[in-house]
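Below, each chain spelled out in residue letters.
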Amino acid sequence: MLGHLFQRAHRSALLWSWLNTALRVGAALFILPLAVRLIPRDEFGLWYVFLALGNFSMLLEMGFSQTIGVNASFLWAGAGSPRALGLPEMSATDSTPAERLAPLVRTFVRFYQLVGAGVFLLLLCAGSFWIWRQTEALDARHSLRMAWFVFAAGFAINFSGSVWSAILNGINRVRETQQSQLIAATSGLTLSLVGLLLGWRVWALVSGQVLTGLLTWNLVRHRLLKAVPELRSFKNPPNWKLLPTLWPLAWRNGIGSLGMFLVTQANTLICSAFLDLRATASYGLSVQLANTLASVSGMFIQVRIPYLAQMRITQGNHSIAQFFAQRVTWFTLMFAAGAILLVSFGPWGLKLVGSQTPLLSTPLLALLLLAIFLTTHHCLYAALVLTENQNPFVAIGLFSAIASAGFSALLTQRWGVIGLIAAPGIVQACTNNWYVVLRGIRGMDLTVREYLRIWKQGWKRHNHPRA
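Residues numbered from 1 in each chain as written. Predicted model: local features only at pLDDT ≥ 70, side-chain atom pairs only at ≥ 80, totals over all residues. Heavy atoms only, no water.

**Things to note about the overall build of the protein**
Turning to step 1, where the next piece is worked out: Scanning the protein from N- to C-terminus turns up 18 helices and zero strands.
Turning to step 2, where the next piece is worked out: Scored against the burial criterion, the 467 residues of the protein give a buried share of 48%.
Turning to step 3, where the next piece is worked out: Long-range contacts, defined as pairs at least 24 residues apart, comprise 82% of the intrachain contacts of the protein with a sequence gap of at least 6. (Helix = DSSP H or I, 4+ residues; strand = E, 2+ residues; numbered from the N terminus. Buried < 20%, exposed > 50% of the residue type's maximum accessible area, 1.4 Å probe, protein only. Contact = heavy atoms within 4.5 Å.)

**A look at the packing of aromatic side chains**
Turning to step 1, where the next piece is worked out: All chains considered together, the criterion is met by 16 aromatic pairs.
Turning to step 2, where the next piece is worked out: Measuring from centroid to centroid gives 5.9 Å for F111 and Y112, while their planes differ by 75 degrees, and the two rings are edge-to-face. Residue F111 shares its accessibility class with Y112, and that shared class is buried.
Turning to step 3, where the next piece is worked out: Pairing F335 with F373 gives two aromatic rings, centres 5.4 Å apart and planes at 50 degrees, and the pair type is tilted. Residue F335 is located in helix 13 (residues 321-352), and its partner F373 is located in helix 14 (residues 362-386); the two are separated by 38 residues in the primary sequence.
Turning to step 4, where the next piece is worked out: Members of the aromatic cluster, connected to one another through ring pairs, are F64, F108, F111, Y112, F159 and W247.
Turning to step 5, where the next piece is worked out: One Lys or Arg, R304, reaches over the ring of Y307 and ends 4.6 Å from the middle of that ring. (Phe/Tyr/Trp six-rings, centres within 6.5 Å; stacked < 30°, edge-to-face > 60°. Lys NZ or Arg CZ within 6 Å of the ring centre and 35° of its normal.)

**What about the layout of surface pockets?**
Turning to step 1, where the next piece is worked out: Quantified by volume, the second largest pocket comes out at close to 310 Å³.
Turning to step 2, where the next piece is worked out: Around the second largest pocket, the lining is made up of 15 residues, and of these V105, R106, V109, W164 and R221 lie nearest the centre.
Turning to step 3, where the next piece is worked out: Listing elements by their share of the lining of the second largest pocket, those giving two or more residues are helix 5 (97-135) and helix 9 (202-227).
Turning to step 4, where the next piece is worked out: Take the lining of the second largest pocket: its biggest share by element is six residues, from helix 5.
Turning to step 5, where the next piece is worked out: Taken together, the residues that form the lining of the second largest pocket break down as nine nonpolar, one polar and five charged. (1 Å grid on protein atoms, 1.4 Å probe; cavity = no way out; pocket = protein on both sides within 12 Å on 5 of 7 lines; lining within 4 Å. Points joined across faces, edges and corners; volume = space filled by probe spheres on them. Nonpolar A, V, L, I, M, F, W, Y, C, P; charged D, E, K, R; others polar.)

**Remarks on a positive patch on the surface**
Turning to step 1, where the next piece is worked out: On the surface, R106, R110, R221, R232 and K235 cluster together into a patch of positive charge.
Turning to step 2, where the next piece is worked out: Secondary-structure assignment places R106 in helix 5. (Patch = residues over 30% accessible without salt bridge, like charges linked within 9 Å, V, L, I, M, F, W, Y side chains within 5 Å. Areas by Shrake-Rupley, 256 points an atom, 1.4 Å probe, with all protein chains shown as cover. Salt bridge = Lys/Arg side-chain N within 4 Å of Asp/Glu carboxyl O. Lys, Arg positive; Asp, Glu negative; His and termini not counted. Charge placed at Lys NZ, Arg CZ, Asp CG, Glu CD.)

**Looking at the nonpolar core**
Turning to step 1, where the next piece is worked out: In terms of nonpolar packing, the biggest core is built from 56 residues, with F50, F64 and F108 touching the most fellow members.
Turning to step 2, where the next piece is worked out: Apart from the residues lying within four places of it in its own chain, the contact partners of F64 are F108, F111, Y112, L243, L246, W247 and A250.
Turning to step 3, where the next piece is worked out: Residues F323, L342, L359 and V436 belong to the second largest nonpolar core, which totals 50 residues. (Core = buried A, V, L, I, M, F, W, Y, C linked by side-chain atoms within 4.5 Å.)

**Some points on the packing of helix 16 (residues 417-430) against helix 17 (residues 432-442)**
Turning to step 1, where the next piece is worked out: Where helix 16 meets helix 17, the closest approach of the two axes is 4 Å, and the angle between their N-to-C directions is 35 degrees. Contacts between helix 16 and helix 17 involve G425, Q428, A429 and C430 from the former and N432, N433 and W434 from the latter.
Turning to step 2, where the next piece is worked out: Taken together, the residues of the contact of helix 16 with helix 17 sort by class into three nonpolar, four polar and no charged. (Axes fitted to C-alpha atoms, helices over the stretch in contact; angles between N-to-C directions.)

**Section: the environment of F331**
Turning to step 1, where the next piece is worked out: The topology assignment puts F331 in helix 13.
Turning to step 2, where the next piece is worked out: F331 gets classed as buried once you look at its relative accessible area, which sits at 0%.
Turning to step 3, where the next piece is worked out: It is 5.0 Å that separates the C-alpha atoms of F331 and S297, two residues lying 34 residues apart in sequence.
Turning to step 4, where the next piece is worked out: When residues no more than four places from it in sequence are discounted, the contact partners of F331 are A294, S297, G298, F300, F373, T376, H377 and L380.

**Focus: unusual backbone geometry**
Turning to step 1, where the next piece is worked out: The phi dihedral of R201 falls on the positive side, at around 55 degrees, and the residue is not glycine.
Turning to step 2, where the next piece is worked out: Within the secondary structure layout, R201 lies in the loop between helix 8 (174-197) and helix 9.
Turning to step 3, where the next piece is worked out: Of note in the backbone geometry, N389 takes a positive phi value of approximately 65 degrees without being a glycine.
Turning to step 4, where the next piece is worked out: Tracing the chain through its elements places N389 in the loop between helix 14 and helix 15 (394-415).
Turning to step 5, where the next piece is worked out: On the basis of relative accessibility, which here comes to 0%, the residue N389 falls in the buried class.

**Here's the deal with the environment of L246**
Turning to step 1, where the next piece is worked out: You can see L246 is positioned in helix 10 (residues 242-274).
Turning to step 2, where the next piece is worked out: Sequence spacing of L246 and L85 is 161 residues, and the spatial spacing of their C-alpha atoms is 7.9 Å.
Turning to step 3, where the next piece is worked out: Contact partners of L246, with chain neighbours within four places excluded, come to F64, T67, N71, P82, R83, L104 and F108.

**Observations concerning the pattern of salt bridges**
Opposite charge on two side chains permits them to pair, given that their charged atoms come into close proximity.
Turning to step 1, where the next piece is worked out: With the rule as written, the count across this model stands at four salt bridges.
Turning to step 2, where the next piece is worked out: Put simply, E176 and R175 hold a salt bridge, and the shortest N to O gap is 3.5 Å. Each member of the pair E176 and R175 is classed as buried.
Turning to step 3, where the next piece is worked out: Three or more residues are tied together by salt bridges with common partners; here these are R173, R175 and E176.

**Focus: a nonpolar patch on the surface**
Turning to step 1, where the next piece is worked out: On the surface, L367, L370, L374, W415 and I418 cluster together into a nonpolar patch covering about 440 Å² of accessible area.
Turning to step 2, where the next piece is worked out: Counting residues per element, the nonpolar patch draws most heavily on helix 14, at three residues.
Turning to step 3, where the next piece is worked out: Position of L367 relative to the elements: it lies in helix 14.
Turning to step 4, where the next piece is worked out: Overall, L367 belongs to the partly exposed group, its relative accessible area being 31%.

Here it is in structure tokens:
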């Protein structure tokens, strides 16, 4: 009995995703206090500049990652070839999944290598200019600048290898991806911890970050080639015609990522511009914990997105409704339970660990949790729509991003933190919270009433495979 349970747990993508998140959150709670104590304040602030510049350069990815993952799911399920938009047709030949997948792999591995070189040049030029200015007055400026070069090179190399994760997830090997990331994260965090204790300061964080990335994509690549060993024998040159084929969906996904990036950065700037540092710290901590809860709860669906994409090809749109509705219910229940625990025991827990930064007041924290729940809920339906190889949210996504930023700036000046929370919540309630969900239901060839009926039936039955 115990052996059966252990084997089932070992095969669960959901469990490995939770373990991965728990490790990252737990390590952050353990290492960050140590880093703050052992790294000078100016140098520690520079580390966040490193991360911000690296994340900004990720926009060069242009949305191909999601597009590659979805099309890998289609090809693995039997589609003949990638398609710009919409569901592709099933293969008319007796080709194997590896044969269908090989051109996609060869092309985008090379493409990501080229873009990775562009990322390094961007960080080396624009990023180095900013780092030079920030470190001019610091005694350790030469060491810090060298750390930046190592970080930039490691970030670019890791970016180049990130395509392997998109492909491995696409063929519904999410568990293997999560296991690889868990091993890599454990190694990187261990190196950072040892480095901090040995007095490496920022170099400890840089070394851990670079090692985590390098191990991740090498382990994921190994897992993919182990799962599909035939890929080793395909030596055909890249098929660059796949770039314009996938571009129509990729640029739409890229704009969606840009919109989310702008919303995040705008809220950070607005918070720091109109509120004092004490309020900003409480707001930032509350958002971090709420987003962690949303991420963990949303894994019920996120780990099965490749499976849903394959179901569209093999069983049709209507077939995924019960499976998806059941997982939305699990997400809702887990988020609600976590929110109650956070509101009830979060302040007590922070006092117990001696935190100098409290959470938001209970009413504001509850409002923030509600807004993040609704946003995460519609994002899950957006992920479902993307499995159609469509992204109809470009216009509404950009509009809501710009409107949220402008409305936040207006209301925060008048109402403080409540305005910062309420503004994007109001904008999302008027747009994405309902429209994206409705579009997701229609994408399953259902009316809202039909979907609700399936949801009620699915709550009583458990016929579909679990993660």
